[in-house]
Amino acid sequence: MPTPAEVKKALIAAGFEVFRTRGDVVHVAERARENLIMDSGVRVHAGEVAVGLVLRAQRSDFPQDPDDAMFERARGLGVAARERGYHEVGTQITRLPDPSDEERTLDSWFEVSFEKRVAGLDEAMAEVGFALSLEKAASRS
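Scoring rules and cut-offs
- Counting starts from 1 at the beginning of each chain's written sequence and moves along it residue by residue.
- Only residues with pLDDT of at least 70 get local features here, since the model is predicted, and only at 80 or more are side-chain atom pairs given and counted; chain-wide, interface and lining totals rely on the full set of residues.
- The basis for every side-chain value is the complete set of non-hydrogen atoms in the structure, without hydrogens or water.
- Working definition: helices are DSSP H or I runs of at least four residues, strands are E runs of at least two. Numbering for both runs from the N terminus.
- Strand pairing follows a simple DSSP-based rule, namely that at least 2 bridges must link the two strands.
- A fitted line through C-alpha atoms represents every axis, and for helices the fit uses only the stretch in contact; the resulting angles, taken between N-to-C directions, go from 0 to 180 degrees.

With a phi angle near 50°, Val49 is a residue other than glycine that sits in the positive phi range. Tracing the backbone shows Val49 in the loop between strand S5 (42-45) and strand S6 (50-58).

Pairing is antiparallel in the open sheet, where six strands are placed in the order S1-S2-S5-S6-S8-S7. Only two strands of the sheet have a single partner each, and these edge strands are strand S1 (18-22) and strand S7 (87-98). In this sheet, neighbouring strand axes are inclined to one another by 25° on average, regardless of whether the strands run parallel or antiparallel. Pairing of S6 with strand S8 (residues 101-117) involves nine bridges; the strand directions are antiparallel.

Turning next to the pairing of S1. Strand direction decides the pairing type here: S1 and strand S2 (residues 25-28), joined by four bridges, are antiparallel. The residue bridging Arg22 from the neighbouring strand is Val25, located in S2.

Honestly, it's all geometry; don't read function into it.
In structure tokens form, the structure reads like this:
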């Protein structure tokens, strides 16, 4: 069972960038958005050696959809992951508050989390590459 430090070392050696480590979970830096803030929807769990990913639909993109439809949009992005052995492990709604008024919500993300246990770090690195190739947010088109 690898430690988080060993997972970080393997990710860096494989050419990935580490975003942060929280406990035994190493978050992979996914992309720089317009304001250069890094995003992370892909993680590697040390110890149990599993790769997780989070897919989402944003309320601002689908303002008329009910909550169940929002989660289904996010799940729809996970077809290739499920075919590869990932399974759904949870859902959540993440509220994005207005930085100048905590009571006001700018947007909400309807997130579906998937995970796949792997045999070791080599397989985990292959799965990180796969997970990074997936579209993480449902689009209007």
